[in-house]
2 protein chains.
Amino acid sequence: MPLDSIATSWVGTANDPERGFPLQWLPYCAFTPAAASGADGLAHPAAHLGVGIGAFILDLHGLRASGLLRDLPEEVQSACSAAQLNALMSCGPAAWSALRGRLFDLLKTAEPRSSRDTDRQRLVASLMTPMAQAVFHKAVCTENYTDFYASLHHATNVGRLFRPERPLLPNYAWLPIGYHGRASSLVLSGTAVRRPYGQYKIAAESAPVFQASARLDYEMEVAAYVGVENSLGERVRIEEATKHLFGLSLLNDWSARDIQSWEYQPLGPFLGKSFATSISPWVVPMEALAPYRTKLAPRAAADPAPMAYLAEPEEALSGFNITLEAYLSTARMREQAMAPVRLGRANLRDLYWSFAQMLTHHTSNGCNLRVGDILASGTVSGEQPGSQGSLLEMTRGGDDPLCLPTGERRAFLEDGDEVSLRGYGDCTGLPRVSLGECTGRILAAG
Amino acid sequence: MPLDSIATSWVGTANDPERGFPLQWLPYCAFTPAAASGADGLAHPAAHLGVGIGAFILDLHGLRASGLLRDLPEEVQSACSAAQLNALMSCGPAAWSALRGRLFDLLKTAEPRSSRDTDRQRLVASLMTPMAQAVFHKAVCTENYTDFYASLHHATNVGRLFRPERPLLPNYAWLPIGYHGRASSLVLSGTAVRRPYGQYKIAAESAPVFQASARLDYEMEVAAYVGVENSLGERVRIEEATKHLFGLSLLNDWSARDIQSWEYQPLGPFLGKSFATSISPWVVPMEALAPYRTKLAPRAAADPAPMAYLAEPEEALSGFNITLEAYLSTARMREQAMAPVRLGRANLRDLYWSFAQMLTHHTSNGCNLRVGDILASGTVSGEQPGSQGSLLEMTRGGDDPLCLPTGERRAFLEDGDEVSLRGYGDCTGLPRVSLGECTGRILAAG
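Predicted model only: the values in this text are computed from it and were never measured. (Residues numbered from 1 in each chain as written. Chains lettered and ligands numbered in written order. Predicted model: local features only at pLDDT ≥ 70, side-chain atom pairs only at ≥ 80, totals over all residues. Heavy atoms only, no water.)

Moving on, we get to the overall build of chain A. On a plain count of helices and strands, chain A comes out with 10 helices and 26 strands. Compactness check: chain A gives a C-alpha radius of gyration of 22 Å against a globular reference of 22 Å for 446 residues, within 12% of the reference. Taken over the C-alpha atoms alone, chain A extends approximately 80 × 55 × 40 Å along its principal axes. Burial analysis of chain A (446 residues in total) assigns 61% to the buried set. The contacts of chain A with a sequence gap of at least 6 include a subset with a gap of at least 24, amounting to 74%. Of the roughly 16300 Å² of accessible surface on chain A, a fraction of 52% belongs to carbon and sulfur atoms. Taking the 39 positively charged and 46 negatively charged side chains of chain A as two groups, their mean positions are separated by 1 Å. (Helix = DSSP H or I, 4+ residues; strand = E, 2+ residues; numbered from the N terminus. Rg over C-alpha atoms; globule rule 2.2 N^0.38 Å. Buried < 20%, exposed > 50% of the residue type's maximum accessible area, 1.4 Å probe, protein only. Contact = heavy atoms within 4.5 Å. Areas by Shrake-Rupley, 256 points an atom, 1.4 Å probe, with all protein chains shown as cover. Lys, Arg positive; Asp, Glu negative; His and termini not counted. Charge placed at Lys NZ, Arg CZ, Asp CG, Glu CD.)

Another point: the pairing of strand 20 (residues 323–329) of chain B. Residues and elements named next belong to chain B. Of all 7 residues in strand 20, 7 are buried; the element is thus mostly enclosed. Every second residue of strand 20 is oriented toward a common face, with Thr-323, Glu-325, Tyr-327 and Ser-329 on one face and Leu-324, Ala-326 and Leu-328 on the other, all of them buried. Bridge analysis of strand 20 against strand 21 (residues 341–347) gives 6 bridges, and the strand direction is antiparallel. Bridging from a neighbouring strand, Tyr-327 pairs with Arg-342 of strand 21. Here 7 bridges tie strand 20 to strand 25 (residues 418–425), and the two strands are oriented antiparallel to one another. When the sheet's bridge partners are listed, Leu-328 is paired in strand 25 with Val-419. (Pairing = 2+ DSSP bridges.)

Our next topic: the interface of chain B and chain A. On the side of chain A, 55 residues touch chain B, which itself brings 55 residues to the contact. Summed over the three residues of chain B that lose the most area to chain A, namely His-180, Leu-267 and Phe-270 of chain B, the buried surface amounts to 15% of that side. One can count 2 salt bridges joining chain B with chain A. Residues Asp-373 of chain B and Arg-182 of chain A are paired through a salt bridge, measuring 2.7 Å at the closest nitrogen-oxygen approach. (Buried area = accessible area lost by both parts, 1.4 Å probe. Salt bridge = Lys/Arg side-chain N within 4 Å of Asp/Glu carboxyl O.)

Attention now goes to the relation of the copies chain B and chain A. By a simple turn and slide, chain B fits onto chain A: the slide is 0.0 Å along the axis, the RMSD is 0.0 Å, and the turn is 180°. When the rotation and shift are considered jointly, the pair of chain copies conforms to a two-fold rotation axis. The C-alpha atom lying nearest the rotation axis in chain B is that of Gly-268 of chain B; the distance is 2.0 Å. Comparing interface residues between copies, 100% of those in chain B also sit at the interface in chain A, which points to an isologous, same-surface contact. (Least-squares fit on C-alpha atoms with pLDDT ≥ 70 in both.)

Turning our attention to the layout of surface pockets. Residue and element names in this part refer to chain B. Of the pockets and cavities examined, the largest pocket occupies roughly 790 Å³. Lining the largest pocket are 31 residues, and of these Phe-162, Ser-261, Trp-262, Tyr-264 and Gln-265 lie nearest its centre. If you tally residues by element for the lining of the largest pocket, the top one is helix 7 (residues 257–263), at 4 residues. Looking at the lining of the largest pocket residue by residue, the class counts come to 15 nonpolar, 7 polar and 9 charged. (1 Å grid on protein atoms, 1.4 Å probe; cavity = no way out; pocket = protein on both sides within 12 Å on 5 of 7 lines; lining within 4 Å. Points joined across faces, edges and corners; volume = space filled by probe spheres on them. Nonpolar A, V, L, I, M, F, W, Y, C, P; charged D, E, K, R; others polar.)

Residues and elements named next belong to chain A. Each assigned domain of chain A is listed here: domain 1 (12–137) and domain 2 (145–443). With 29 residues of domain 1 at the interface, the matching set in domain 2 holds 27 residues. Summing both sides of the interface, domain 1 and domain 2 together bury roughly 2300 Å²; the carbon and sulfur share of this comes to 72%. Viewed at the interface, domain 2 and domain 1 are joined by 1 salt bridge. The closest approach of N and O atoms between Glu-287 and Arg-100, which form a salt bridge, is 3.5 Å. The interface formed by domain 1 and domain 2 includes 5 residue pairs in polar contact (both at pLDDT 80 or more). Going through the elements one at a time, strand 1 (28–33), strand 2 (48–53), helix 3 (86–90), helix 4 (93–107) and strand 5 (134–137) are the ones with two or more residues in the side of domain 1 that touches domain 2. By residue class, the composition of the side of domain 1 that touches domain 2 is 18 nonpolar, 8 polar and 3 charged. (Domains from an automatic or database assignment. Polar contact = N/O pair within 3.5 Å; in protein donor to acceptor, adjacent residues only side chain to side chain.)

All right, on to the sheet that holds strand 2 (residues 48–53) of chain B then. All names here are of chain B. In space, the 5 strands of this open sheet follow the order 4-3-2-1-5, with antiparallel pairing throughout. Both outer strands of the open sheet, strand 4 (128–130) and strand 5 (134–137), are each paired with one neighbouring strand and no more. Mean inter-strand twist for the sheet, computed between neighbouring axes without regard to direction, equals 45°. Two elements, strand 2 and strand 3 (residues 56–59), share 4 bridges in a ladder whose sense is antiparallel. Residue pairing across strands places Gly-52 opposite Ile-57, the latter belonging to strand 3. (Axes fitted to C-alpha atoms, helices over the stretch in contact; angles between N-to-C directions.)

With that settled, the discussion passes to the environment of Gln-265 of chain B. With respect to the helices, strands and loops of the structure, Gln-265 of chain B is situated in the loop between helix 7 and strand 16 (277–279). In this structure Gln-265 of chain B touches Leu-169, Asn-171 and Ile-177 of chain A, once residues within four positions along its chain are discounted.

Within the open sheet, the 5 strands sit side by side as 9-26-25-20-21 (chain A). Their pairing is mixed. Of all strands in the sheet, those bounded by a partner on one side alone are strand 9 (193–194) and strand 21 (341–347) of chain A.

What follows covers the packing of aromatic side chains. All names here are of chain A. For the structure shown, the criterion picks out 24 aromatic pairs over all chains. On the basis of an interplanar angle of 65° and a centroid distance of 5.5 Å, the ring pair of Phe-136 and Trp-282 is categorised as edge-to-face. Taken as a pair, Phe-136 in strand 5 and Trp-282 in the loop between strand 16 (277–279) and strand 17 (284–285) lie far apart in primary sequence, 146 residues in all. Of the residues examined, Trp-282 reaches a relative accessible area of 4% and is grouped as buried. (Phe/Tyr/Trp six-rings, centres within 6.5 Å; stacked < 30°, edge-to-face > 60°.)

All right, on to unusual backbone geometry then. Following Gln-265 of chain A, the chain continues into Pro-266 of chain A via a peptide bond in cis, with omega recorded as 5°. Unlike most non-glycine residues, Ala-337 of chain B shows phi in positive territory, near 55°. Look at Ala-337 of chain B and you get exposed, because its relative accessible area is 70%. The phi angle at Arg-396 of chain B is positive, at roughly 50°, despite the residue not being glycine. With respect to the helices and strands, Arg-396 of chain B occurs in the loop between helix 10 (391–394) and strand 23 (402–403).

As a further point, take the pattern of salt bridges. Residues and elements named next belong to chain B. Taken as a whole and judged by the stated rule, the model has 46 salt bridges over all chains. Close ionic contact of Arg-122 with Asp-119 constitutes a salt bridge, the shortest N to O distance being 3.6 Å. You can see Arg-122 and its partner Asp-119 sitting in helix 5 (residues 115–125), 3 residues apart, about one turn around the helix. Looking at Arg-122, the relative accessible area reads 54%, which means it is exposed. Among the residues examined, Asp-119 registers a relative accessible area of 45% and is labelled partly exposed. Between Arg-370 and Glu-229 there is a salt bridge whose closest N-O contact spans 3.5 Å. Of the two residues, Arg-370 is situated in the loop between helix 9 (355–363) and strand 22 (374–376) and Glu-229 in the loop between strand 13 (220–226) and strand 14 (245–252); the sequence distance between them amounts to 141 residues. Taking relative accessible area as the criterion, Arg-370 reaches 31% and is therefore assigned partly exposed.

This part is about the pairing of strand 6 (residues 145–148) of chain B. Residue and element names in this part refer to chain B. Neither face of strand 6 is open: one carries Tyr-145 and Asp-147, the other Thr-146 and Phe-148, and all of them are buried. Across 3 bridges, the pairing between strand 6 and strand 22 is parallel. From the neighbouring strand, Tyr-145 faces strand 22, where its bridge partner is Ile-374. Relative to strand 7 (residues 178–180), strand 6 runs antiparallel, the two sharing 3 bridges.

Residue and element names in this part refer to chain B. Mapped onto the secondary structure, Arg-215 falls in the loop between strand 11 (209–212) and strand 12 (216–217). Residue Arg-215 is classed as partly exposed on the basis of its relative accessible area, which comes to 30%. Contacts of Arg-215, omitting those with residues within four sequence positions, involve Ser-255, Ala-256, Arg-257, Asp-258, Gly-397 and Phe-412.

If you want it as structure tokens, here you go:
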């Protein structure tokens, strides 16, 4: 169901063109009112599912209890009363679309109003919690987390540091490189990130040390959630791949570069990553993202075309015109009431491989993807200065520290530093839409 | 509670010294009687937990319903009625020990017998299913699967093929190398393994191909199950590490060598592994393994001692004297009623890193391990010919194919080939104990 792009909502803040949560967006979250509980960055059994509209969260649990979803299949209504989105995801794309259509109808401005409309609007309004008062929880139970490496610019920037003579390995242009990440250490935005201890080798020394990481970094990424499973042995064709995706969130793949560079050969990243991976609370459904779909940036003429199993039609809109930004705030900046500084800004459409290609490649060996699994983009970087998605790239491995307005310098993250990822979409004729924020503050090793 | 090592069971087959399931062993499984369901290699909601004794499985669900566990805490009794072991694991080591002690008492030969004993024994006997009639299911829900590389001989053999000039990388002797595996594609022994398609590059060609893997291999491994969690940010000290482990199973980390070698740089194994990983149905509790604990083989004099956080006391018995064997049966061998041929035999005590060291290293960055998570050893190989745990090693990358008694040759696995891992322990004065089998047959790509 296409949602009317010029419709407005009776929720006034939804029509604020800068706020990012208009009627056409309607991302999902899991939340409790602040009074109910403290945030722990994990799933919460008493959480309700909610949908973001303007400055509010509409409680899906309450909506179902009020009978306002009774036209939807029982399975969908029941999924709206769950504490996480997985049951709704399992209902499939037709159900996702039906629920979204229903929410749109309940929230759009209806003229002229009948008294029944007014009563209904009053009931829906009673199910709203201000976003500022909510405590968010993990909206999705993720059993398997895969991290790709789909930004050519990121792979080139990083490759140049580790392998100056050949930044890109020969396989890069042929397949979406990825690795199995650690699902247990996925935490919600807002969860503090403790600086990890680890074993690493300082270049000048002959033996490694075991101590707190001195090269702690962030990675600006986007997570795609699997909504439709494939069974073990079942490959998903490229034409079908997007239909398996439920939606997108922001993801920060925190990285301890010193641990990573000592451990990663020959089996890849391990403890340099698995101390924490942060995800944003909002899950934006693919249907809401339709106006932001675009072609991926064209490949260089010298690069091979994708092989048949990864080949999308020329006109496929498999990229997303979504701007990503990372901001840094240090303890001193906060003491001095300074706004966070922007570290980098990139666009998701600049990926070399689309999420559809990642999903098809992932299942090309018959690997089964489960509802709620994450396929992450890998760090999203652009080609230009100021568009890198990690400090490793920005400071060239720490050699060129950033100068902050406080006079502080940063090669890598210090204790007390807070990194916040933001994502938004701008499309002619539509209000700005927001993916929200993905934030984490570094705690001292302990 | 130490279990009397000379006690026998009233279950006659338990006292057969070759069968491998004596009174002192009592491994766990999840099963349904064959009539109830077909095997699907996954969890089964109607599965019962069972304990292996002689040729039988004692039904824990039935034992609880009969009131024979009523002296145990309610939490433990309830865990015995679950379809998987995770709830029992969550009860902690004291509960594991109490249940095991109770099972021992119920199954041991008691002399002289009272009529109450006879009645009880009749009741317990009524709760037995012959192993040969049971259908097994996954006994543990595993959310996170980590695969290590803890056999020095395996790492050396493989490293020699990929990097002849330096088979072992400089980090090998310093830390237990590992990577995050894929949990969704863990399947139970007996599940057929479909030959994966994948992208790989044939050396003489300039471009890769996408086709069925031509270099399909097995890896003979042991899985250790986490039974006690640590929370995110909490490091587990080496002295405490073994207490976090619940038990061991066999694991076959099927590997498509062509896919793996093309994809693995720089982020490690991915689709070369995630099409299937087989685990054996029996989970042997750590307490049962106590008599088989032993020192790890000593390190070479030139190797560094483990760093402080990984250093076990000189006298630590952190290895396991468990023999591992892999067997191959081809379709033609089965047609000709030939017994499977042994491919390799190694011993788990020959690992370079202990499971305790793997667990402590894994949590050294604060990574949280969850109940049911698997830490796998990586391929277990010995130093001698005939002790390698994979075809890659045995055939030197396929260059020296094996000759089978049928006249067939094998560089890698062919369709119809069945690989079976076996594990057993022999200890002076004790009957042989068995870890059971971990079996899988290769289906044609499809």
